[in-house]
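Spelled out, the chains give:
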Amino acid sequence: MAWVTHMRLLTILLGWLFPMMALAKAVPLDDVSRQEIVERIAPVGTVCKQGEDCAANLGAVASASSEPRSGEAVYNQFCTACHTSGLLGAPKKGDTAEWTKRVSATGGYSKLLQQAYAGIRSMPAKGTCMNCSEEEFGNAMQYMGVKQE
């Protein structure tokens, strides 16, 4: 019987809610409030295809460094979460015995680099560094203790 009581209360509540909403008046906004709302809901970017007129008006694009990132930089930004703790069996930074074992098991440094770059065991392709080059990825491996051939 309790659900019947709840249903009656819900019906009464909804019976009052809809007419109140229908009779409600819009709150007038001052120009400052209106401008703040416009800024909050403004698009954060645009899509412009190469060759379209809008592409010429985009302005300067941040240029990437011509130098590959160091192994330490890549490791600290992308690899540290798993390779510091050994999460999901990831070999730890500085554990040369484990790294040597993995290099031998895969047939050499180059093969391990290729496999890791493509994704190996629990690690997805490129780890979590989707914009790492193979060279930068290799720099990170060497920083962790993998000996290059």
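Bear in mind that the values here come from a model prediction, so they are computed numbers and not experimental data. (Residues numbered from 1 in each chain as written. Predicted model: local features only at pLDDT ≥ 70, side-chain atom pairs only at ≥ 80, totals over all residues. Heavy atoms only, no water.)

Caption draft 1: Representation of the packing of helix α4 (residues 71-83) against helix α7 (residues 134-144). Closest axis-to-axis distance for the α4/α7 pair is 9 Å, and the angle between their directions is 70°. Relative to α7, the element α4 lies roughly perpendicular. The handedness of the crossing between α4 and α7 is right-handed. Residues G71, E72, V74, Y75, C79 and H83 of α4 lie in contact with α7, whose contacting residues are E136, N139, A140, Y143 and M144. (Axes fitted to C-alpha atoms, helices over the stretch in contact; angles between N-to-C directions. Helix = DSSP H or I, 4+ residues; strand = E, 2+ residues; numbered from the N terminus. Parallel < 35°, antiparallel > 145°, perpendicular 65-115°, else oblique. Left-handed = near helix turned anticlockwise from the far one by under 90°. Contact = heavy atoms within 4.5 Å.)

Caption draft 2: Summary view of the packing of helix α5 (residues 96-106) against helix α6 (residues 109-118). The N-to-C vectors of α5 and α6 enclose an angle of 90°; their axes lie 7 Å apart at closest approach. Between α5 and α6, the interaxial angle falls into the category roughly perpendicular. Where α5 abuts α6, its residues W99, R102, V103 and T106 lie against Y109, K111, L112 and Q115.

Caption draft 3: A look at the UniProt feature "domain: Cytochrome c" (unreviewed entry) in the protein chain. As annotated in UniProt, the feature "domain: Cytochrome c" (unreviewed entry) corresponds to residues 66-148 in the numbering used here. Within residues 66-148, the helical portion is 54% and the strand portion 0%, while the C-alpha atoms at the span's ends are 23 Å from each other. (UniProt positions renumbered as here; feature names shortened; annotations may be inferred.)

Caption draft 4: How the structure looks around the environment of L17. Among the structural elements, L17 can be located in helix α1 (residues 2-23). On the basis of relative accessibility, which here comes to 38%, the residue L17 falls in the partly exposed class. (Buried < 20%, exposed > 50% of the residue type's maximum accessible area, 1.4 Å probe, protein only.)

Caption draft 5: Inspection of the confidence of the model for the protein chain at higher detail. When pLDDT is averaged across the protein chain, the result is 85; 92% of the residues are at 70 or more. The least confident element of the protein chain, judged by mean pLDDT, is helix α3 (residues 53-56) at 67; the most confident is α7 at 93. (pLDDT = per-residue confidence, 0-100.)

Caption draft 6: The side chain of H83, seen in detail. Note that H83 resides in helix α4. One polar contact links the side chain of H83 to the main-chain carbonyl oxygen of P91, over a distance of 2.6 Å. H83 has contacts with Y75, A90, P91, K92, K93, W99, M123 and M144, leaving out every residue within four places of it along the chain. (Polar contact = N/O pair within 3.5 Å; in protein donor to acceptor, adjacent residues only side chain to side chain.)

Caption draft 7: Local environment of the state of the cysteines. Summed over the entire model, instances satisfying the criterion amount to one disulfide. The disulfide partner of C129 is C132, and the gap between their sulfur atoms is 1.9 Å. Note on the C129 and C132 pair: the S-S dihedral is about 85°, so by sign convention the disulfide is right-handed. In terms of burial, C129 and C132 fall into one category: buried. There is no disulfide at C82, and the cysteine sulfur nearest it, in C79, is 8.8 Å away. (Disulfide = S-S within 2.5 Å.)

Caption draft 8: Broad picture of the pattern of salt bridges. Throughout the structure, instances matching the rule amount to three salt bridges. Two residues, E136 and R69, come together in a salt bridge whose shortest N-O distance is 3.0 Å. One end of the pair, E136, is in helix α7; the other, R69, is in the loop between α3 and α4, with 67 residues separating them in the sequence. Given a relative accessible area of 7%, E136 falls into the buried group. Judged by its relative accessible area of 24%, R69 falls in the partly exposed class. Three or more residues are tied together by salt bridges with common partners; here these are E98, K101 and R102. (Salt bridge = Lys/Arg side-chain N within 4 Å of Asp/Glu carboxyl O.)

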